[in-house]
Amino acid sequence: QVQLVESGGGLVQPGGSLRLSCAASGTIRGINDMGWYRQAPGSQRELVAYISEDEVKHYADSVKGRFTISRDNAKNTVYLQMNSLKSDDTAVYYCNAEVMAYSDGRYLYYWGQGTQVTVSP
């Protein structure tokens, strides 16, 4: 069984910073892409950023230049450094990863439980 556990959300003022972490645990054979999505109230879930196994990165236009995604393959962990936060960044942030467990012969997508990020004065 594979689990993704996020941490690092919270309340921050506009212009502030937060760092999200997401650790994958379980009997993991390998991890391909890892990424972050977010969902604001009344809106659909949207891609924020993802990073491939060989660290090719992609960002949504709305966060380019402000957010940085990175990963530590030894720890099966992906990070999202968020700087210059705006009220529009307020959402629940979800981690997503393409993982192969030892119990499976294929890669499957897993989701974390979500962590709330609130940007407010």
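These figures come from a predicted structure and were not determined experimentally.

**Some points on the pairing of strand E5 (residues 46-51)**
Across five bridges, strand E4 (residues 28-39) lies against E5 in antiparallel orientation. Its bridge partner lying in E5, Gly35 is registered against Tyr50. The hairpin turn running from E4 into E5, its antiparallel successor, is six residues long, and Gly42 in that turn takes a positive phi close to 80°. Counted between consecutive antiparallel strands, the loop separating E5 from strand E6 (residues 57-59) contains five residues, among which Glu55 sits at a positive phi close to 70°.

**Quick notes on the environment of Tyr107**
Among the secondary structure elements, Tyr107 is positioned in the loop between strand E9 (91-101) and strand E10 (108-111). Tyr107 sits in the partly exposed class, given a relative accessible area of 32%. The spatial distance from the C-alpha of Tyr107 to the C-alpha of Pro41 is 31 Å, given a sequence separation of 66 residues.

**Considering the state of the cysteines**
Taken as a whole and assessed by the stated rule, the structure comprises one disulfide. The partner cysteine of Cys22 in its disulfide is Cys95, sulfur to sulfur 2.1 Å. Measuring the twist about the S-S bond at about -80°, one finds the Cys22-Cys95 disulfide to be left-handed. Taken together, the positions of Cys22 in strand E3 (residues 18-25) and Cys95 in strand E9 put the pair 73 residues apart, joining distant regions of the chain.

**A word on the side chain of Asp89**
Relative to the assigned elements, Asp89 resides in the loop between strand E8 (77-82) and E9. A distance of 2.8 Å separates the side chain of Asp89 from the side chain of Arg66, its partner in a polar contact. Those residues in contact with Asp89 that sit more than four places away from it in its chain are Arg38, Arg66, Phe67, Ser84, Val117 and Val119.

**Topic: the pattern of salt bridges**
Under the defined criterion, the tally for this structure stands at four salt bridges. Salt-bridge contacts for Asp89 lead to Arg38; the nearest nitrogen and oxygen are separated by 2.9 Å. Within this pair, whereas Asp89 is found in the loop between E8 and E9, its partner Arg38 is found in strand E4, the two being separated by 51 residues in sequence. Judged on exposure class, the residue Asp89 and its partner Arg38 are both buried.

Cut-offs applied
- Residues numbered from 1 in each chain as written.
- Predicted model: local features only at pLDDT ≥ 70, side-chain atom pairs only at ≥ 80, totals over all residues.
- Heavy atoms only, no water.
- Pairing = 2+ DSSP bridges.
- Helix = DSSP H or I, 4+ residues; strand = E, 2+ residues; numbered from the N terminus.
- Buried < 20%, exposed > 50% of the residue type's maximum accessible area, 1.4 Å probe, protein only.
- Disulfide = S-S within 2.5 Å.
- Polar contact = N/O pair within 3.5 Å; in protein donor to acceptor, adjacent residues only side chain to side chain.
- Contact = heavy atoms within 4.5 Å.
- Salt bridge = Lys/Arg side-chain N within 4 Å of Asp/Glu carboxyl O.

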